[in-house]
Amino acid sequence: SSAICIAGGGSTYTPGIVLMLLDNLDRFPISRITLYDNNEERQAKLAKACAIMMKEKAPDIVFNWTSDPQTAFTGIDFVMAHIRVGLYEMREKDEKIPLKYGVVGQETCGPGGIAYGMRSIGPVIEIADYMEKYSPNAWLLNYSNPASIVAEATRRLRPGKHIINICDMPVALETMMAAALSERTGKTYTRKDFEVRYYGLNHFGWWTDIHTKDGKDVMPILKDYIKENGFATNAKDFQHKDASWKETYQKAKDIYALDPTTIPSTYLKYYLFPDEVVAHSNPAYTRANEVMEGREKEVFGIAERIIAKGTAKEDTFAVGVHASFIVDLACAIRYNTKERMLLIVENNGAIANLDDTAMVEIPCLVGSSGAEALTVGKIPSFQLGLINEQLYVEKLVVEAWIEGSYGKLWQALTLSKTVPSASVAKKILDELMEANKEYWPTL
Ligand code: G6P
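The structure contained in this document is the topic of the report that follows. The structure presented is a predicted model; accordingly, all values stated were derived computationally and were not measured.

About the cut-offs
Residues take numbers from 1 onward in each chain, read along the sequence in its written order. Reporting in this predicted model follows two pLDDT cut-offs: at least 70 for local features of residues, and 80 or more for side-chain atom pairs to be given and counted; totals over whole chains, interfaces and linings ignore these cut-offs and use all residues. Hydrogens and water molecules were not included; the side-chain quantities draw on all heavy atoms of the structure. By the criteria applied, helices consist of DSSP H or I runs no shorter than four residues and strands consist of E runs no shorter than two, each listed in order from the N terminus. In this setup the radius of gyration rests on C-alpha atoms only. A globule is expected at 2.2 Å times the number of residues raised to 0.38. Categorising residues by exposure relies on relative accessible area from a 1.4 Å probe, with only protein chains included: less than 20% of the type maximum marks a residue as buried, more than 50% marks it as exposed, and the intermediate range marks it as partly exposed. The accessible surface values rely on the Shrake-Rupley method and a 1.4 Å probe; as for residues, cover is taken only from the protein chains in view. The sign given to each residue is positive for Lys and Arg and negative for Asp and Glu; His and the chain ends receive no count. Taken as the charge centre is NZ of Lys, CZ of Arg, CG of Asp or CD of Glu, depending on the residue. Any residue with at least one heavy atom within 4 Å of a molecule or strand is counted as near it. Here a polar contact is taken to be a pair of N or O atoms separated by no more than 3.5 Å, where protein atoms must pair a possible hydrogen donor with a possible acceptor and residues adjacent in sequence count only if both atoms sit in side chains. Each residue receives one of three labels: charged for Asp, Glu, Lys and Arg, nonpolar for Ala, Val, Leu, Ile, Met, Phe, Trp, Tyr, Cys and Pro, and polar for the others, Gly being one of them. Here a cavity denotes grid points, spaced 1 Å and computed from the protein atoms alone, that fit a 1.4 Å probe unable to get out, and a pocket denotes an open set having protein on both sides within 12 Å along at least 5 of 7 lines; residues with an atom within 4 Å of a point are the lining. Grid points are joined across faces, edges and corners, and a volume is the space filled by probe spheres set on the points. When checking whether two residues touch, look at their non-hydrogen atoms; a contact exists if any pair is within 4.5 Å. In this analysis, the expected span of each helix is defined as 1.5 Å times one less than the number of residues it contains. Two axes define the bend at a residue: one fitted to the seven residues ending there, one fitted to the seven starting there, and the bend is the angle between them.

Considerations on the overall build of the protein chain
Step number 1: On a plain count of helices and strands, the protein chain comes out with 16 helices and 12 strands.
Step number 2: For a compact globule of 443 residues, the expected C-alpha radius of gyration is about 22 Å, and the protein chain comes in at 21 Å, within 12% of that figure.
Step number 3: A burial count over the protein chain gives 57% of its 443 residues as buried.
Step number 4: Carbon and sulfur atoms make up 50% of the accessible area of the protein chain, which amounts to about 17600 Å² in all.
Step number 5: Computing the positive centroid from 49 side-chain charges and the negative centroid from 57, the protein chain places the two 1 Å apart.

What follows is the structure in structure tokens.
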């Protein structure tokens, strides 16, 4: 069985991930779960509630929490990392500062994503180094955002280590496509019934083929659905119930219209329809505010009630069903299952007409030695043009972080499709830099 460290123990997603791990013990036995966070106080509130829950549900599994790296990272097999550097307070700034200048305010796209990337690189590398020091044979399964920039940083700074970068978005969208297919055919499908071809960068990709494992081409049915409705938001385990996310899923039909040969990732809306996104945004109330008032209060409220009652039998956290891809990944490595999954890996020729050093999101077979990327081939002009622009934004951010270069960061913002000019880029950058001075390296 495996010993797990969850880095980002104070995340509101953590209790759901713990529950999801318990749901999967038959295929992925666990001996220990340790929560790790550098914010002791925040983590303790959730950890104490999880401890009560663990005692009731799985008394044989060692459960503890710590902010001491040596305790957290010694004797483990997997680190599951989902850290949010600067918490929602900084996400709010990432979203609101660009909006002041009429530019998309989003946590992983455009200037907000760049600012968040500059905060996240150091702490993710630090986690990789703790793991290397205390459990050199362990694997880091990293889904900390912004995943593309973080993945490029791990490629540049810690190449060849046991690090796998992955994101939940393809899984979430495939879950919705399975719901759409079920609705259209009257048969029940899950994402596990699909075998897909897909390529792109993280939060920037396209499905080109979806077959069910018994060989049926379901692209025509899915395209037809998306053309009319966007992604299905009625899936049972659909994770984003808020109106703002529903809008994003529905907007997929307009992205689809631009290239009806593929099915797009919803995040493309920020790059392809930035004017509409800005027009629909409230610069005084963004997604960070929604989450602070919603998920944050809800999850910490449940934790407080569990602690007060001393039992988790009456109040329960939502199970992170869609997060089960993390178990798929850990299982694939541990038990050499060769499962086919979408991961963020170095291109190395998989997309033939793209930079070999790009960190691309593509199908891989996963086994005990890590990820083996499948070939994509040449991609068409529209996608190639879009990807190249975004790819070098991400590379410039990582170069700026490594070199402490203001100039490269300014170039990164200027190159972003979401930003209209170099002068607007500079104004946003200067304000983001001031807001992030505790977190960014000195430029
Ligand atoms: C999706 C994305 C994640 C992102 C999350 C934000 O799941 O794939 O990368 O972190 O949405 O959700 P939130 O509810 O915090 O806006």
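So, the site of the ligand
Step number 1: The ligand sits among 15 residues. The nearest are R91, N145, D168, R287 and R295.
Step number 2: At 2.6 Å, a side-chain N or O of D168 approaches an oxygen atom of the ligand.
Step number 3: Taken by itself the ligand offers 390 Å² of open surface, and the protein chains cover 95% of this.
Step number 4: Counting residues per element, the shell around the ligand draws most heavily on helix 12 (residues 287-309), at three residues.
Step number 5: Partitioning the shell around the ligand into residue classes produces six nonpolar, four polar and five charged.

With respect to the layout of surface pockets
Step number 1: In this model, the second largest pocket occupies a volume close to 560 Å³.
Step number 2: Every residue lining the second largest pocket is counted, 22 residues in all, and those nearest its centre are S244, E247, K269, Y270 and S281.
Step number 3: For the lining of the second largest pocket, the elements supplying multiple residues, two or more each, are helix 4 (87-100), helix 9 (243-258), helix 10 (269-272), helix 11 (274-280) and helix 12.
Step number 4: No other element matches the six residues that helix 9 contributes to the lining of the second largest pocket.
Step number 5: Split by residue class, the lining of the second largest pocket holds five nonpolar, nine polar and eight charged.

Thoughts on the environment of S135
Step number 1: Mapping S135 onto the fold places it in the loop between helix 5 (110-134) and strand 5 (139-142).
Step number 2: Given a relative accessible area of 6%, S135 falls into the buried group.
Step number 3: Sequence separation between S135 and Y116 is 19 residues; the distance between their C-alpha atoms is 28 Å.
Step number 4: Ignoring any residue separated from it by four or fewer positions in sequence, one finds S135 in contact with F73, T74, G75, I76 and Y130.
Step number 5: Engagement of the side chain of S135 in a polar contact is seen with the backbone nitrogen of G75, the distance being 3.1 Å.

Details of the side chain of Q390
Step number 1: One can find Q390 in helix 14 (residues 381-403).
Step number 2: At 2.8 Å, the side chain of Q390 forms a polar contact with the side chain of E394.
Step number 3: Q390 has contacts with L201, F204 and Y271, leaving out every residue within four places of it along the chain.

Brief notes about helix 5
Step number 1: For helix 5, spanning 25 residues, the distance from its first C-alpha to its last is 36 Å, which sits close to the expected 36 Å at 1.5 Å a residue.
Step number 2: At S120, helix 5 shows its maximal bend, which comes to roughly 35°, and the proline P123 appears one to four places after that position.
Step number 3: Of all 25 residues in helix 5, 18 are buried; the element is thus mostly enclosed.

Section: helix 12
Step number 1: The first and last C-alpha atoms of helix 12 sit 32 Å apart over 23 residues, in line with the 33 Å expected at 1.5 Å per residue.
Step number 2: Where helix 12 bends most, at K297, the angle is about 30°.
Step number 3: On its buried side, helix 12 packs onto helix 1 (14-23), helix 2 (40-57), helix 4 and helix 9.
Step number 4: The positive-phi residue at the C-terminal boundary of helix 12 is G310, with phi of around 75°.

By themselves these figures say nothing about function.
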